[in-house]
Amino acid sequence: MVQINPSILSADFARLAEEARRVTGPEGADWLHVDVMDNHFVPNLTLGVPVVESLSRATDTPLDCHLMIESPDRWAPQYVEAGAGSVTFHVEAAAAPVRLAREIRAKGARAGMALKPATPIEPYEDLLPELDMLLVMTVEPGFGGQAFLDIMLPKIRRTRQLIDKHGLRLWLQVDGGVSAETVERCAEAGADVFVAGSAVYGADDPAAAVRSLRAMASE
Ligand code: DX5
Ligand code: ZN
């Protein structure tokens, strides 16, 4: 089953509840992707725990929080408490990724681990059973609207092979530059969760964009 997770990074931050409603409902988004940036791990600053707390009360759609921050070991549990259904930390920033994944799960959310473009999957093969989702970044994290990095397709393919080799059921998410032009290549390489910011919120009809991305990814 393919999932489409619109990134609210490309939405109007003054009207988040309304922007969430535009992409949810029947045939709408499965999750809302929430990009948390701290201006240290990435050169951009977005939102934090209080906004996630408010947004989780304002929508029934579960929140997929992508933490592009330093010290995720300290912060990630707070996002679970704020109502996130899934919390993804960057392995490059985590002091103790196994302990952190276990803590996120123990608190009741799905645990995700993200890899920047230059971070290989192979050293983390043994960690996969600790995770509910692996995120392969297809742009350098920090900004929406960047061009998809084709050179990440082999990594998506290798990650899918590792997941299948171990008989795991974790989701393989791609994030960055996912659009009508690139979603099929990601799906073909083995991704099953697709984050799309500008391709959804930049469209005249964001709900229709979600439906058409889903159709293209499902082919
Ligand atoms: C980038 C973020 C993405 C971003 C994607 O660092 O992690 O989630 O919103 O935006 P698009 O889909 O426009 O590349
Ligand atoms: Zn993201």
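As a convention, each chain's residues are numbered from 1 in the sequence order in which they are written. For naming, the first written chain is A and the first written ligand is 1, with later ones following in the order written. Since the coordinates come from a predicted model, pLDDT governs what is reported: local features require at least 70, and pairs of side-chain atoms require 80 or more to be given and counted, while whole-chain, interface and lining totals use all residues.

UniProt positions are given in the numbering used here, feature names are shortened, and annotations may be inferred rather than shown by experiment. As recorded in UniProt, the feature "binding site: a divalent metal cation" (unreviewed entry) lies at His33, Asp35, His66 and Asp175. Annotated residues spanning 143 residues; largest pairwise C-alpha distance 10.5 Å, indicating a single compact cluster. Mapped onto the fold, histidine 33 is located in strand E2 (residues 32-37). Between the buried cut of 20 or more and the exposed cut of 12 or fewer other C-beta atoms within 10 Å of a residue's own C-beta lies the partly exposed class, and all C-beta atoms are placed from the backbone. For histidine 33, a count of 27 C-beta atoms within 10 Å gives the class buried. Whether two residues are in contact is decided by their C-beta atoms, placed from the backbone, lying within 7 Å. Among residues more than four places away in sequence, those in contact with histidine 33 are Asn5, Pro6, Ser7, Ile8, Asp64, His66 and Val195. Structurally, histidine 66 is set in strand E3 (residues 63-68). Sequence-distant contacts of histidine 66, that is, excluding residues within four places in its chain, are made with His33, Val34, Asp35, Val36, Thr88, Ala114, Leu135 and Asp175. A run of H or I in DSSP counts as a helix once it spans at least four residues, and a run of E counts as a strand once it spans at least two, with each numbered from the N terminus.

According to UniProt, the positions carrying the feature "active site" (unreviewed entry) are Asp35 and Asp175. Judged by maximum C-alpha separation, these annotated positions cover 141 residues in sequence but sit close together in space, the widest gap being only 10.5 Å. Turning to its location among the elements, aspartate 35 is positioned in strand E2. Excluding its chain neighbours within four sequence positions, the residues that come into contact with aspartate 35 are Ser7, Leu9, Thr46, His66 and Met68. Along the chain, the position of aspartate 175 falls in strand E7 (residues 171-175). Discounting chain neighbours no more than four positions away, the residues touching aspartate 175 are His66, Leu135, Met137, Thr138 and Val195.

Put plainly, near means the residue's C-beta atom, positioned from the backbone, lies within 6 Å of the molecule or strand in question. In the vicinity of ligand 1 lie 22 residues, with Ser7, Leu9, Gly144, Gly197 and Ser198 positioned nearest. Residue assignment for the shell around ligand 1 shows that the elements contributing at least two residues are E2, strand E8 (193-196) and helix H7 (198-201). Of the residues belonging to the shell around ligand 1, the class tally is eight nonpolar, 12 polar and two charged. For this classification, Asp, Glu, Lys and Arg are treated as charged, while Ala, Val, Leu, Ile, Met, Phe, Trp, Tyr, Cys and Pro are nonpolar and the rest, including Gly, are polar.

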